[in-house]
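Take a look at the letters that make up each chain.
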Amino acid sequence: MLMLRLDLQYFAGEKTEKATPKKRQDSRKKGQVLKSQDVTSAIVLLAVFLFMFFFAGFLRNEIFTFFNVTFTKYMLMDTVTIEIALEIYKDMLMEMAFILLPIMLVAVVAAIAANFFQFGLLFTTEPLKFDLKKIDPIKGLKRIFSMKAIIELLKSILKISFIGSVTTLIIWMNLEQVLSLSFKTAWDTLSTIGWLTGMMGIAASFVLLFISILDFFYQRFDYEKNLKMSKQDIKDEHKNTEGDPIIKSRIRQRQREMAMRRMMQEIPTADVVITNPTHFAIALKYDDSSMDAPVVIAKGADFVAQKIKLIAKENNVVMVENRPLARAMYDQVEIGQRIPDEFFKAVAEVLAYVYRIKQKI
């Protein structure tokens, strides 16, 4: 029996259920989203190399302008003051900005697009918060020797092998051009090296993109695995979301008690209590100056009906026995509602009887 109980506890705590929408939403708020860093790196690298490949002429002109001004203007100055040095520094920064900012802008846009493609628009400061668990040496060792670390190592070896093979293949295919560089002019040498570098960069980016797609599917598998919940987790979440059934039941009971208390407090103001006589009791109130029809201020069956009659008797409220009317009004009229038109004649006769009795008294 003890072994069976332990087995049941084990299965109750085992995370076998898919994550609920609330669990996914809470994880997203914490910055825990489905993301492959390799996808972002591959797209950024590809975008940068494609930009450099197609806009090489623009970058070449900016670089030549930078060196031309440096060697023909700044280095030939006779005197250099602090003001001139600051001016040179500002001009050089501007020239470098024209060269580097387009590349950086392409990289930033590509990174944002890659992340948006993976998990949409998200801004959270949760991952930036200081957490002592992140510097726990024991957990750090567990991460180093974990299965995830082994998979990351295999991915790194795979990337190095594939990228190295592709770049080597490109050089091998253009080996004659590489070997003939020693016989070419400096300009032709730089052009050939630049072209080969661009081709190797683009090829390496496509290889990395292919590997990143495989990594994305692995990351999705790992993400779903980490999000899984046990049956007890789902029950606890439902309890926290909807509220503890026991507490909700107590709240409803408390609300019923308060409503019952308010109803009983209204009975002394009633004009008449119509009874069944033992099973139902309906307390009516009518004020011709503020009401267009009598209103039910209390009703009850069995024990509550006896309580209504007792309070009515203590406060000298007239009670009239009318079984069909009491039963019909109990089923069709709620507390606080005016009586329907179909009961006007019967209730009017009852109220007329009550008023005659009060006049005699």
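- If you look the protein up in an unreviewed UniProt entry, it shows as Flagellar biosynthetic protein FlhB from Psychrobacillus faecigallinarum.
- Its UniProt record, at the heading Sequence similarities (unreviewed entry), says of the protein: "Belongs to the type III secretion exporter family."
- According to UniProt, the comment filed for the protein under the heading Subcellular location (unreviewed entry) is "Cell membrane".

Details of the UniProt feature "transmembrane region" (unreviewed entry) in the protein
- Here the UniProt feature "transmembrane region" (unreviewed entry) sits at residues 39-59, 96-124, 153-173 and 193-218.
- Structurally, residues 39-59 is divided into 95% helix and 0% strand, and its ends, taken at the C-alpha atoms, are 27 Å apart.
- Taken end to end, residues 193-218 has its terminal C-alpha atoms 37 Å apart, with 100% of it in helix and 0% in strand.

Structural notes on the packing of aromatic side chains
- On inspection of all chains with the given rule, the structure shows 4 aromatic pairs.
- With centroids separated by 4.8 Å and ring planes inclined at 50°, the aromatic side chains of Phe280 and Tyr330 adopt a geometry described as tilted. Taken together, the positions of Phe280 in strand E2 (residues 280-285) and Tyr330 in helix H13 (residues 323-332) put the pair 50 residues apart, joining distant regions of the chain.
- The ring of Tyr330 has Lys299 lying over it, and the distance from NZ or CZ to the ring centre is 4.9 Å.

As for the pairing of strand E1 (residues 272-275)
- Across the two faces of E1 the burial is the same, with Val272 and Ile274 and Val273 and Thr275 all buried.
- Between the end of E1 and the start of E2, which pair antiparallel, lie 4 residues.
- Pairing of E1 with strand E4 (residues 318-321), which is carried by 4 bridges, proceeds in the parallel orientation. What sits directly across from Val273, in E4, is Met319.

Here is what the cut-offs are and how they apply
- Residues numbered from 1 in each chain as written.
- Predicted model: local features only at pLDDT ≥ 70, side-chain atom pairs only at ≥ 80, totals over all residues.
- Heavy atoms only, no water.
- UniProt positions renumbered as here; feature names shortened; annotations may be inferred.
- Helix = DSSP H or I, 4+ residues; strand = E, 2+ residues; numbered from the N terminus.
- Phe/Tyr/Trp six-rings, centres within 6.5 Å; stacked < 30°, edge-to-face > 60°.
- Lys NZ or Arg CZ within 6 Å of the ring centre and 35° of its normal.
- Buried < 20%, exposed > 50% of the residue type's maximum accessible area, 1.4 Å probe, protein only.
- Pairing = 2+ DSSP bridges.

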